[in-house]
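So you can see what is in the structure, the chains are spelled out below.
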Amino acid sequence: METGFLSLYFRMFYKPKASFESIFSQDKSLQYGFFALLVPAIGYTLFYIMAMYAGGSPSSFKPWLALPIEDYFTYDIFLTIPGYYLSWAGASVTVYLVSALMGGKARFDHMLAITGFGIGVATWSSLLHDLTDAFLSVIGVISMQEYERLLNEPTFWRGLLWTLYSLYFIWFLTLFTIGIKTAQRFSLLKSVIIAFIGLATFQVILLIFIR
């Protein structure tokens, strides 16, 4: 029985293994993986639009790209979607090649689904926080500049941010591992190693484009 994208996307939050199996069986890995990737890509584009209007800018992280720091969020409105696309492609290729070197036989489009849904679901652990503070800044409830300062000092808010980042890392690694293990029939240890390499590839490429 064919299952639509939205149904599979929401099921990925609580039944990832069954969701991956359904995606692979429907032969829609490329299509659905791309749709899943668009969720955080569009979400962070909205964040940077709001952050720009709120007068925000990176306060503790020097961007890799040689862009004016005061206009960094403006540039990221246009860099977010291509940045996510290249990160998705890079992570998928890496996972596919490393899996093949370890004897994996799964198709490349299955790797696109694994990374697409891993990125598209796990990123909510940071995206929800970032959209909320950007929206509150736009409507004048908080100051983005002041909130950025609090995030860089030993406050509750920095503790919350690091907790969300920890969840981000664990959730990513978990979804990548489940997807790889389901597609390749690898052992748990081998799947975790490949998932970590894929996650590192994704994050390094993404950091080139957005903070």
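K.L.:
I tried to follow the packing of aromatic side chains on my own but got confused; where do I start?
P.N.:
Geometrically, a pair of aromatic rings is defined through the distance of the ring centres and the angle of the planes. Within the structure shown, the criterion is met by 24 aromatic pairs. A ring pair is formed by Tyr44 and Tyr84, whose centres lie 6.4 Å apart and whose planes are at 20°; its orientation type is stacked. Here Tyr44 is found in helix α3 (residues 29–53), whereas its partner Tyr84 is found in helix α4 (residues 72–101), with 40 residues between them in sequence. With respect to burial, Tyr44 and Tyr84 carry one shared label: buried. Members of the aromatic cluster, joined through ring pairs, are Tyr44, Phe47, Tyr48, Tyr72, Phe73, Tyr84, Tyr168, Phe172, Phe176 and Phe202. Between the NZ or CZ atom of Lys190 and the centre of the ring of Phe186, over which it lies, the distance is 4.8 Å.

K.L.:
How should I be thinking about the pattern of salt bridges in this particular structure?
P.N.:
When the charged atoms of two side chains with opposite charge come close together, those side chains can pair. Taken as a whole, this structure holds three salt bridges when the rule is applied. Here Glu21 ties to Lys17 by a salt bridge, and the two come within 2.5 Å at their closest N and O atoms. Placement of both Glu21 and Lys17 in helix α2 (residues 16–26) is noted, with a separation of four residues, approximately one turn of the helix. A relative accessible area of 35% places Glu21 in the partly exposed class. Residues Asp27 and Arg107 are paired through a salt bridge, measuring 2.5 Å at the closest nitrogen-oxygen approach. Of this pair, Asp27 sits in the loop between α2 and α3 while Arg107 is found in the loop between α4 and α5 (108–122), placing the two residues 80 residues apart along the sequence. Taking the relative accessible area as the measure of exposure, Asp27 reaches 49% and is therefore partly exposed. Linked by salt bridges that have partners in common, Asp27, Arg107 and Asp109 make up one network.

K.L.:
Even after reading the chapter, I still don't get the environment of Tyr168, so can you show me in this structure?
P.N.:
In this fold, Tyr168 is placed in helix α8 (residues 156–184). Of the residues examined, Tyr168 reaches a relative accessible area of 12% and is grouped as buried. Taking C-alpha positions, Tyr168 is 25 Å from Ser143, a pair spaced 25 residues apart along the chain. Contacts of Tyr168, omitting those with residues within four sequence positions, involve Ala122, Thr123, Ser125, Ser126, Phe202 and Gln203.

K.L.:
Which parts of the structure should I look at to understand the environment of Ala183?
P.N.:
Tracing the sequence through the fold places Ala183 in helix α8. Taking the C-alpha atoms as reference, Ala183 lies 41 Å from Asn152; in sequence the two are 31 residues apart. Those residues in contact with Ala183 that sit more than four places away from it in its chain are Phe24, Ala106, Met111 and Ile114.

K.L.:
I'm lost on the nonpolar core in this one. Help?
P.N.:
Nonpolar side chains in soluble globular proteins tend to end up buried together. In terms of nonpolar packing, the biggest core is built from 54 residues, with Ile23, Phe47, Tyr84, Phe117, Ile119, Phe172 and Phe202 touching the most fellow members. Put simply, the parts of the chain that give this core at least two residues each are α1 (5–11), α2, α3, α4, α5, α6 (124–138), α8 and α9 (188–209). In terms of residues, this core owes the most to one element, α3, which gives nine residues. When neighbours within four sequence positions are excluded, Ile119 is seen to be in contact with Leu37, Pro40, Tyr84, Trp88, Phe172, Phe176 and Phe202.

Conventions used here
Residues numbered from 1 in each chain as written. Predicted model: local features only at pLDDT ≥ 70, side-chain atom pairs only at ≥ 80, totals over all residues. Heavy atoms only, no water. Phe/Tyr/Trp six-rings, centres within 6.5 Å; stacked < 30°, edge-to-face > 60°. Helix = DSSP H or I, 4+ residues; strand = E, 2+ residues; numbered from the N terminus. Buried < 20%, exposed > 50% of the residue type's maximum accessible area, 1.4 Å probe, protein only. Lys NZ or Arg CZ within 6 Å of the ring centre and 35° of its normal. Salt bridge = Lys/Arg side-chain N within 4 Å of Asp/Glu carboxyl O. Contact = heavy atoms within 4.5 Å. Core = buried A, V, L, I, M, F, W, Y, C linked by side-chain atoms within 4.5 Å.

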